[in-house]
Structure formats: structure tokens, C-alpha cells
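# Examining the three-dimensional arrangement
What follows is the residue order along each chain.
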Amino acid sequence: MLFRHELMPLSSFLALAGAVFAAAFAYGAIMPLLPELLAPLLSGAPTASLSWHAGAFAGIYMFAVVLFSPLWGAVSDRLGTKSILLLGLVGSALAAALLAVAQELWEAYLWRALQGVFASALLPVAASALAPIADTAERARKMAGLGAASLLGFFAAPSVSATLASRGLAAPVSSALSASAVVALGAFAVLAALFRAQAGRRPTAVMGAQLLPARFLGLNLLAYLGLGAFEVALPLAAPGPLGVDSVQVSLLFVECSLMMLVAQGALMWAAPFRAQFPKVLAASIASYCAGLLVLAYADSFGAALWAVGLVAASSGLLLPLIGFLATVEIGDRPGAALGRLTAAGSLGQAIGSISGGALYAQAGMSIFTTTAFVLGVGALAASPLPRWLRVSDR
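Residues numbered from 1 in each chain as written. Predicted model: local features only at pLDDT ≥ 70, side-chain atom pairs only at ≥ 80, totals over all residues. Heavy atoms only, no water.

All right, on to the confidence of the model for the chain then. Within the chain, residue pLDDT values average 76, and 76% of them lie at 70 or more. This model gives residues 200–210 a pLDDT under 50, and the stretch forms 25 contacts once residues within four places in sequence are excluded. (pLDDT = per-residue confidence, 0-100. Contact = heavy atoms within 4.5 Å.)

Shown next, in the form of C-alpha cells:
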């Protein structure tokens, strides 16, 4: 049985957004410093080995999310979201602290995997806490808000790490990981205080709807697959076909983050028009593919700006739309359903990241054409057009 409430207090939503921000921050904080983290643990191994381990180090986190998101979601349906969110935040802080003091390569991999395990306890469970909101406009706003919080975490963490490194700290890796632990513990304190204040409250019970249709899993996998390939292949294409330097590449990623934030903000304000969201979903997929195709033929910084902006805006709409429309369809086990949705997205991102690097080495800029083709055809197969246009306003 699913419990419904009309609105979620702002304090409750901000606490959930803080948990999502902490999960994203923990993932991104160490990414700019991977060479500094791994090089001392590789005992003078060649550069190629360092590059391989950097990719594997990122991949093990994603695969941990793939494996454990459905499990944590199912557990939250039985035990409630509160205990799982608090456990995820404490575990995330602990894993970051252990990674900061790792002395062996296997230890670093173990603690990074543990970060993924506990992050998978935060992302789907926070989203499932929004599923009981009866007002679908309110639910749409909150889903877009969680997406923005996650994006802010991904965007802020590398900036904090780069700042720590640029200031010449003796241990920038430890400092970045300590910052991750502090953010997680801060979110834990806020959530714990909120849960104590709300103790004893219970919303009205209603019967749930149907289980999450498989097409949402396919769409989420494809959307994140495209992002994974895009994020890996874009820096590789920078010095060659695009002819841009490292500063311009950084600007492209800043543009990407800002455009996604703008798109998700627009979605929050467009919530009253939620009956049109299935059509917006179809349009977002089409423009996502168009942006990848434009990027495949870009040969200058200006052309890349247009292409990256289109990809970012489209994906910034697409991802929260999939999440919102999924909450309309799920029944009385939102944690399990959104856990599977998160797992599908993480699997897609992992596949996209791996294939993006490998295929760029073989096909160059055609990787963007190939990704657009896979995304477009896969989306059609996963969700035929009549289903896209089927409006549900439960």
C-alpha cells in the first residue's frame, strides 16, 4: 500500500536534495585527482596502466550502483526511506574517509566500490520519497529539483577539488575526500533532525497503481548511455577535429552543466502543463539525437557550443521527465521500481563511457553519429510513439 500526501514541506524536500547532492559530490570530488590518487599505488607502472586504472576506478563505482540500487530500493519499501537514507549518508562518509587513507591499490578499489554501494542507497530512495505526492504538478517540480541537486553536486565537486589542488595543499586527495565526508555528514545531520521533528506523522493510505513498465528502464539506459559516450568522447575530440584547447573544453562542460540546470528549472515551472510531458519527452529525444549529429560534424569551437548546448538542454529535460513519468506509473513499491530505474541508468552510463573511448579510437567523430542512431532507434523500440503520446494524469 502506498501512502499519499498532497504536498511535501520545503524543509523535507531540501533535506532530500541535500542527500542527493552529497551522493553526487562524493562521486565527482575525486575525479579530477585520480592520477594523484592512483599513481602512488601503482609503484611506477607505465602511463597506460594509470589510464586503464583511472577508467576502471570510475567504472567500479557505476557497476556497484547498478548492482545495489534495486536492492536498496526494495529494502526501503519494507523498512521505510528514513533509515536507508541515513545509512547511505553515514556509509558514504565512512567510505570517503577510508579511501583517503588507502595504502594499497586493492584497498582503493574496495573503498571506491563501497562509495558506489552507499550512493545507490541515496539516489533511488530519495526519488521514491517523492512518489507518494498526490499532486502530480508538485511531484514533477520536486523530481526536476532532485535532478538539479544532483547536477549541482557533480558540478561543484570537481571545482572544489581543483581549488584544493591549485592552492598547493600537501594532500589534495585527502582534502577532497574529507570534503566529501563533511558534506555527507552535514546532510545526515539535517535529515536526522528533520526526521525527529516529523516523528509520528503519517499520510493517508491509498492503493498503488501498476508496476513500472519496462520501457522506462530502456529509455533511462539509453539516455545515460548517450551521456556517458558524449562525456568521454568530447575531450578526446577536442585537440583534433574540434580544434579546441583545454580551456575551451572546460567552457564546453560548464555550458553543459548550466544548460542542464536551465532546462530542469524550466521543467519545474512547466509542471502545470504536465499533460504535455509525454510529447516533450519525444521532442527531447529527437533534439538529443540532433545535437549528437551536429557534434559529429562540428569543426570549430562555435559549432561545438551549439551542439553541446543542444545535447545538454535535451538531456536536462529528458532525464527528470523519465523519472517523473515513471512515478506516475509505479505502484505501491516505489523504492524497488526507482532502484531498477537508477540501475538501468548507471548501467547505460557505464556502457556509454567504455564504448565512447573504445569506439572513438576506431571511428573518430562517427562515435557521435553512432550514439545518435542507437539512442533514436532504441528509444523507438523501447517506447512506441502511441505510448509516448498517451497522457496519464493520475
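Quick look at the side chain of Ser315 now. Residue placement: Ser315 occurs in helix α12 (residues 301–329). A residue is classified by how much of its surface remains accessible, and Ser315, at 1% relative accessible area, is buried. Of note is the side chain of Ser315, whose polar atom sits 3.2 Å from the backbone oxygen of Ala312. (Helix = DSSP H or I, 4+ residues; strand = E, 2+ residues; numbered from the N terminus. Buried < 20%, exposed > 50% of the residue type's maximum accessible area, 1.4 Å probe, protein only. Polar contact = N/O pair within 3.5 Å; in protein donor to acceptor, adjacent residues only side chain to side chain.)

Moving on, we come to the side chain of Ser92. With respect to the helices and strands, Ser92 occurs in helix α4 (residues 81–100). If we ignore the near neighbours within four places in the chain, the residues touching Ser92 are Ala26, Phe118 and Ala184.

The nonpolar side chains of soluble globular proteins are, as a tendency, buried together. Of all hydrophobic cores here, the largest spans 88 residues; its most connected members are Leu16, Leu146, Phe230, Leu242, Leu292, Ile322 and Phe368. Among the elements that line this core, the one with the most residues is α12, at 13 residues. Grouped together as the second largest cluster of nonpolar side chains are twelve residues, Ile30, Leu42, Ala102 and Tyr109 included. (Core = buried A, V, L, I, M, F, W, Y, C linked by side-chain atoms within 4.5 Å.)

This paragraph deals with the environment of Ile367. In this fold, Ile367 is placed in helix α14 (residues 366–382). Judged by its relative accessible area of 3%, Ile367 is buried. As for Ile367 and Ser355, which are separated by twelve residues in sequence, their C-alpha atoms are 8.9 Å apart. Contact partners of Ile367, with chain neighbours within four places excluded, come to Ala233, Ser355, Gly356, Leu359 and Tyr360.

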